Amino acid sequence: LQTAMAHSDKLIFTKMHGLGNDFVILDMVEQATKQEMVTDEFRQVVKRMAHRQKGIGCDQLILLTHPEDESVSCDMTIFNADGTCPEACGNATRCVGSLLLSKQPIGKQQRQVSMNTPAGILLALPCKGHSLETRIKVTMPPLQVGHEANGIRDVKQLTADVSGYMHGLAFHPIQVISIGNPHCVIVLEEGSQAVPQDRLREVMTTAGGVACTHETFTAGANVEFVTVTDRNHIRMSVWERGVGPTLACGSGACAAVAACVHLGLTADTNVRSLSELKVLSMWYLLCCFMIVVTFVERNSSSTMWEEWHRSLWSSLTRRLHQFPVMWLHAA
């Protein structure tokens, strides 16, 4: 913290949110390295700043520091509200991308910015024809579906332990997904749409906490509770490790759709996921190698979006022989 305030008696931060998933962002790119900033003392500062009543309040604090690799824009370290560090965060990546792109000097703007994270180097670039406040496109880490692909022998004990907190709600086989960070996706069986929301919240609060910290996951996992409305629509609630319930989760939306596609419950293209605040749409094509997340604000016109969608789909179909892609946007 002394490093952060070395040149001022004030700590400058930016408060941003992605679909209600909110962040405090400290831009220390010009002042410090990750090694100088990420200390046990700083983790305590994070917990105080993230406190909803006694601090600024946020789901995560995002620390941007001078990159060790000069080819990237910055090193990005993500802190949960409890001071722990997740590997990736889709909403934070697009917020940081928007912030860094907006800070570029006039006449020296780059087409994209890059962030070095524990999950790899992630890119952010503006969508053509739109402001930095409405659409930012970001790459995400490769998707791994299934407990075996994620180094987990089986999920029998996890399933048994979670079942005791589901209040009688039936669910499909638990899906373990990684998209840079681990996810435990619990898809409720048909008929769950009629369950009252207060009962679903109770299930999320109890079962979510159990699954999040279960011994199956060496470092915990985000937990998504999903109901399938039809072949192209799902609803999702999230329990984030180190935070608790959050209004949205970009990587969680990717994981939820991937799980539903893997279970054969939804189509493999054009799936919409409704979270607490926004509608997230996603195209899941084949087995994902590269994931690109794009967020579109609700006030975008439908005609504008349809034109962008047609252009995107045309581009994707031409390039499928190169790599399969997952797209996510907020409508």
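Residues numbered from 1 in each chain as written. Predicted model: local features only at pLDDT ≥ 70, side-chain atom pairs only at ≥ 80, totals over all residues. Heavy atoms only, no water.

S.K.: For the packing of aromatic side chains, give the residues involved together with the corresponding values.
M.R.: Enumeration according to the criterion identifies one aromatic pair in this entry. Where Phe42 meets Phe79, the ring centres are 5.4 Å apart and the plane angle is 65°; that geometry is what we call edge-to-face. Separated by 37 residues along the polypeptide, Phe42 in helix H2 (residues 40-50) and Phe79 in strand S4 (residues 74-80) bring together distant segments of the chain. A residue is classified by how much of its surface remains accessible, and Phe42, at 1% relative accessible area, is buried. (Phe/Tyr/Trp six-rings, centres within 6.5 Å; stacked < 30°, edge-to-face > 60°. Helix = DSSP H or I, 4+ residues; strand = E, 2+ residues; numbered from the N terminus. Buried < 20%, exposed > 50% of the residue type's maximum accessible area, 1.4 Å probe, protein only.)

S.K.: How would you explain the pairing of strand S5 (residues 113-117) if you had to name every residue and give the values?
M.R.: Of all five residues that make up S5, four are buried, and the element is covered over most of its length. In the sheet, S4 pairs with S5 via two bridges, with the strands oriented parallel. The partner of Asp75 across the bridge, within S5, is Asn116. (Pairing = 2+ DSSP bridges.)

S.K.: Please give an account of helix H5 (residues 197-212) that cites residues and values.
M.R.: Given a rise of 1.5 Å per residue, 16 residues ought to cover 22 Å, and the 21 Å separating the end C-alpha atoms of H5 matches this to within 8%. Within H5 the residues assigned to the buried category are Leu200, Val203, Met204, Ala207, Gly208, Ala211 and Cys212. Contacts from the buried residues of H5 go to helix H4 (156-163), strand S10 (182-187), strand S11 (222-230), strand S12 (233-240) and strand S13 (244-246). (Expected span 1.5 Å × (residues − 1). Contact = heavy atoms within 4.5 Å.)

S.K.: Got a sec to walk through the state of the cysteines? Specific residues and values, please.
M.R.: Inspection of the entire model under this criterion finds zero disulfides. Not engaged in a disulfide, the cysteine Cys249 finds its nearest cysteine sulfur in Cys89; these two sulfurs lie 6.5 Å apart. (Disulfide = S-S within 2.5 Å.)

S.K.: Now, about unusual backbone geometry: what can you tell me, with residues and values included?
M.R.: For residues besides glycine, phi is generally negative; the peptide bonds are generally trans as well. The phi dihedral of Leu19 is positive, around 60°, even though this residue is not glycine. Mapped onto the fold, Leu19 is located in the loop between strand S1 (14-18) and strand S2 (21-33). A positive phi is found at His167, a non-glycine position, where the angle reads about 50°. Relative to the elements of secondary structure, His167 occurs in the loop between H4 and strand S9 (175-178).

S.K.: Give me the side chain of Thr77: which residues, what numbers.
M.R.: With respect to the helices and strands, the residue Thr77 is situated in strand S4. Residues contacting Thr77, with those up to four places away along its chain left out, are Lys34, Val38, Leu61, Ile62, Leu63 and Cys85.

S.K.: Describe the nonpolar core, with residues and values.
M.R.: Core analysis: the largest hydrophobic core is formed by 24 residues, its most contacted members being Leu158, Val162, Met166, Cys184, Ile186, Val223 and Phe225. Among the elements of the structure, H4, S10, H5 and S11 are those that each provide at least two residues to this core. Residues in contact with Cys184, not counting those within four places in the same chain, are Leu158, Ile174, Gln175, Ala211, Phe217, Ala221, Asn222, Val223 and Glu224. Residues Val226, Ile234, Cys254 and Cys260 belong to the second largest nonpolar core, which totals 22 residues. (Core = buried A, V, L, I, M, F, W, Y, C linked by side-chain atoms within 4.5 Å.)

S.K.: Pulling in residues and values, what's your account of the environment of Lys15?
M.R.: Along the chain, the position of Lys15 falls in strand S1. Spatially, the C-alpha atoms of Lys15 and Cys58 are 8.4 Å apart, while their sequence positions differ by 43 residues. Sequence-distant contacts of Lys15, that is, excluding residues within four places in its chain, are made with Asp22, Phe23, Val24, Ile56, Gly57 and Cys58. Polar contacts involving the side chain of Lys15 include one to the side chain of Asp22, which spans 3.4 Å. From its side chain, Lys15 meets the backbone oxygen of Gly57 in a polar contact 3.0 Å long. (Polar contact = N/O pair within 3.5 Å; in protein donor to acceptor, adjacent residues only side chain to side chain.)

S.K.: So what's going on with the pattern of salt bridges? Which residues, and what values?
M.R.: On inspection of all chains with the given rule, the structure shows five salt bridges. The partner of Asp22 in a salt bridge is Lys15, and the shortest N-O contact between them spans 3.4 Å. The exposure class assigned to Asp22 is buried, which follows from its relative accessible area of 9%. Owing to a relative accessible area of 40%, Lys15 belongs among the partly exposed residues under this scheme. Between Asp27 and Lys103 there is a salt bridge whose closest N-O contact spans 2.6 Å. Separated by 76 residues along the polypeptide, Asp27 in strand S2 and Lys103 in the loop between helix H3 (90-102) and S5 bring together distant segments of the chain. What makes Asp27 partly exposed here is its relative accessible area of 23%. (Salt bridge = Lys/Arg side-chain N within 4 Å of Asp/Glu carboxyl O.)

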